Amino acid sequence: MLTMDDIIRDGHPSLREVAKEVQLPASDEDIEILASMLEYVKNSQNAEKVKKYGLRPGIGLAAPQINVLKRMIAIHLNDEKGETHSYALFNPKVASHSVEKAYLTSGEGCLSVDESIPGFVPRYARVTVKGFDIEGKEVKLRLKGLLSIVFQHEIDHLNGIMFYDHINKKDPFSVPENAIGIE
Ligand SMILES: O=CN(O)CCNC(=O)c1cccc(Cl)c1Cl
Ligand code: NI
């Protein structure tokens, strides 16, 4: 199972690389890696396992964070309605997005960034994400709210972008006009 020992930290050059497309159908190895990423995210939300293995909680994970420069992401979260969403995708991409922006009013954090970096992270309010699930089936997701934000955080990792790159340097808590604050 993956632990924090497998997660590379800011300053490691791989976090600024552009990850490569996964050759489909995926190899057993790539399927294994993606499954282990989803398992980490789920484990990191289980109090016992957090305690036992010293995990830092997360609602998503991207392969570059475990130094695998392939376009794979895993997401597991309970949304604002208490609904559970679990995704493990190969080659995800933002196929289209709203003009409107949104941000988490609590800011963002990252397992690859040990210190907290205050500030709002403006992102698209709604995105359509296309990709392939762990069985190789094409998926098309129309996302808004927290799920939309997390998918953008993870897809950024595949392009060598860190959440704090989006924070306004002059005024970290400024946001674009009409941006939606997500509690
Ligand atoms: O890339 C994934 N991580 O670094 C996992 C740790 N961060 C989070 O769970 C997290 C926290 C707040 C906002 C967002 Cl959008 C995310 Cl993603
Ligand atoms: Ni991150």
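What you see as residue numbers is a count from 1 along each chain, following the sequence as written. The lettering of chains begins at A and the numbering of ligands begins at 1, in the order of writing. Selection of residues for local features in this predicted model requires a pLDDT of at least 70, selection of side-chain atom pairs for listing and counting requires 80 or more, and totals for whole chains, interfaces and linings are taken over all residues. Calculation of side-chain values draws on the structure's entire complement of heavy atoms; hydrogens and water are dropped beforehand.

Peer 1: Which residues make up the overall build of the protein chain, and what values go with them?
Peer 2: Summing up its helical and strand segments, the protein chain has three helices and eight strands in all. Helix numbering and strand numbering both begin at the N terminus, where a helix is a DSSP run of H or I of at least 4 residues and a strand a DSSP run of E of at least 2. When the elements of the protein chain are put in sequence order from the N terminus, they spell out α-α-β-β-β-β-β-β-β-α-β. For the radius of gyration, the atoms used are the C-alpha atoms, and the globule rule reads 2.2 Å times the number of residues raised to 0.38. Taking 2.2 N^0.38 as the reference for a compact globule, 183 residues should give roughly 16 Å; the C-alpha atoms of the protein chain span a radius of gyration of 16 Å, in line with that estimate. Considering only C-alpha atoms, the protein chain reaches an extent of 45 × 35 × 35 Å along its principal axes. Here's how the labels work: a residue is buried when its accessible area is under 20% of the maximum for its type, exposed when over 50%, partly exposed in between, all with a 1.4 Å probe on protein chains only. Considering the protein chain as a whole, with its 183 residues, one finds that 48% of them fall into the buried category. Working note: accessible area of the protein chain is about 9600 Å², and carbon and sulfur atoms make up 51% of it. Only four residue types enter the tally: Lys and Arg on the positive side, Asp and Glu on the negative side; His and the chain ends are excluded. Note that the charge is assigned to NZ on lysines, CZ on arginines, CG on aspartates and CD on glutamates. Of the side-chain charges in the protein chain, 22 are positive and 27 negative, and the distance between the mean point of each set is 4 Å. Values of accessible area rely on a 1.4 Å probe in the Shrake-Rupley scheme; residue burial ignores everything except the protein chains shown.

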